[in-house]
Amino acid sequence: MSDSAAFMDSRDFARIAAAIRFIETNFRAQPRLATIAKAVRLSEFHFNRLFRRWAGLTPRQYLAFITARAARGELANTPSVLEAAYALGLSGPGRLHDLLVTLDAVTPGELKARGRGLELTYGFSDTPFGEALLACTARGLSHLAFVEPGGERSAVEALTDSWPDAERVRDDSRLRILARRIWPQDSAADAARPAAPLKLAVKGTNFQLKVWQALLELGSAGPTTYAALARAAGAAHSARAVGNAVGANPVAWLIPCHNVLRGDGRLGGYHWGVDRKRAMLAWQALRVPRARPAASAGGAGAGSARAT
């Protein structure tokens, strides 16, 4: 499979996200496939095929999942879509793949230099959640941001502001290959490919790094709450500051801030949009998981955990 064919066209993600929102909002009416397809402006055949390619099951099966979850009252007792899926036996408590993620902080000297002398390779790639801009240095992946249609220029400008004096080199092909590592496709070739460690080289304050490390260790196991994350980061009485650190996450998905929910189980906000957060949680709940080894801690200033 070529790099360009690794994922469905990112422009289709908006329809997937809208369909998930429509199903979750209207499941009590048990809408027909034609009704759901019409809501996202697709034919029944095209929509059914598109949704199945993305989710691994049909829209009707997803509707049945949502209905069963509500009928059994799981949301009253569990704080997340993913935990509800576990309770219904539709998914096991495993991460999606065995990609080892190591978090390393950018050094004070590198911060002061504002990227001077640093080569930053960046590029755009389709992903299961729309188009993304990824950037990496020789030390590791430093940036992963989702991009709305027409937002490519502003996304690059934001990256430039983050590393103003770095030498920037665009290489879409290289970053598409990296995206394929992050989101392996359901193929025999990908299943047989051994998981290789992926290093993140990010910049942030000491407090932000502590919160992101806690996210890797706690949030990578599945949805969590802001309160639980604050406790894990050793900041139980600093919920607002923890929330700000979550919002400043420079590497979406791999540092899984989409897994942080409100204490009452509601989605809460998300830097890349609530529809995308809802879709991420649904994708996690519905994909067939693999075994999940325990997270391990690294040395001072770094750590490791299995990523979702």
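Residues numbered from 1 in each chain as written. Predicted model: local features only at pLDDT ≥ 70, side-chain atom pairs only at ≥ 80, totals over all residues. Heavy atoms only, no water.

**Notes on the pattern of salt bridges**
What the rule picks out here adds up to eight salt bridges. In this structure, Arg 15 engages Asp 12 in a salt bridge whose closest nitrogen and oxygen atoms are separated by 3.7 Å. Using a relative accessible area of 30% as the deciding quantity, one classes Arg 15 as partly exposed. A relative accessible area of 15% means that Asp 12 is categorised as buried. For Arg 153, the salt bridge goes to Glu 157, with nearest N and O atoms at 3.5 Å. With Arg 153 and Glu 157 both in helix 7 (residues 152-162), this residue pair falls four residues apart, about one helical turn. Among the residues examined, Glu 157 registers a relative accessible area of 42% and is labelled partly exposed. (Salt bridge = Lys/Arg side-chain N within 4 Å of Asp/Glu carboxyl O. Buried < 20%, exposed > 50% of the residue type's maximum accessible area, 1.4 Å probe, protein only. Helix = DSSP H or I, 4+ residues; strand = E, 2+ residues; numbered from the N terminus.)

**Here we look at the environment of Phe 124**
Within the secondary structure, Phe 124 is located in strand 2 (residues 119-125). Remark: the alpha-carbon pair of Phe 124 and Arg 170, spanning 46 residues in sequence, is separated by 8.8 Å. Ignoring anything within four residues of it in the chain, the contact list for Phe 124 reads Glu 131, Ala 132, Leu 133, Val 147, Glu 152, Val 156, Arg 170, Asp 172 and Arg 176. (Contact = heavy atoms within 4.5 Å.)

**Points about the nonpolar core**
Of all hydrophobic cores here, the largest spans 69 residues; its most connected members are Trp 54, Leu 141, Leu 144, Phe 146, Ile 182 and Leu 254. With seven residues, helix 1 (residues 13-26) is the largest single contributor of residues to this core. In terms of nonpolar packing, the next biggest core, distinct from the first, is built from twelve residues, Tyr 122, Phe 124, Ala 135 and Val 156 among them. (Core = buried A, V, L, I, M, F, W, Y, C linked by side-chain atoms within 4.5 Å.)

**Quick word on the packing of aromatic side chains**
Centre distance and the angle of the planes are the two values used to describe a pair of aromatic rings. Tallying each qualifying case throughout the model produces twelve aromatic pairs. With a centroid separation of 6.1 Å and an interplanar angle of 85°, the aromatic rings of Phe 13 and Phe 129 are classed as edge-to-face. Of the two residues, Phe 13 sits in helix 1 while Phe 129 sits in the loop between strand 2 and strand 3 (132-137), which places them 116 residues apart along the sequence. Each member of the pair, Phe 13 as well as Phe 129, is classed as buried. Taken together, a centroid distance of 6.2 Å and an interplanar angle of 85° make the contact between Trp 54 and Phe 129 edge-to-face. Of the two residues, Trp 54 sits in helix 3 (residues 44-55) while Phe 129 sits in the loop between strand 2 and strand 3, which places them 75 residues apart along the sequence. (Phe/Tyr/Trp six-rings, centres within 6.5 Å; stacked < 30°, edge-to-face > 60°.)

That is the geometry; function is a separate question.
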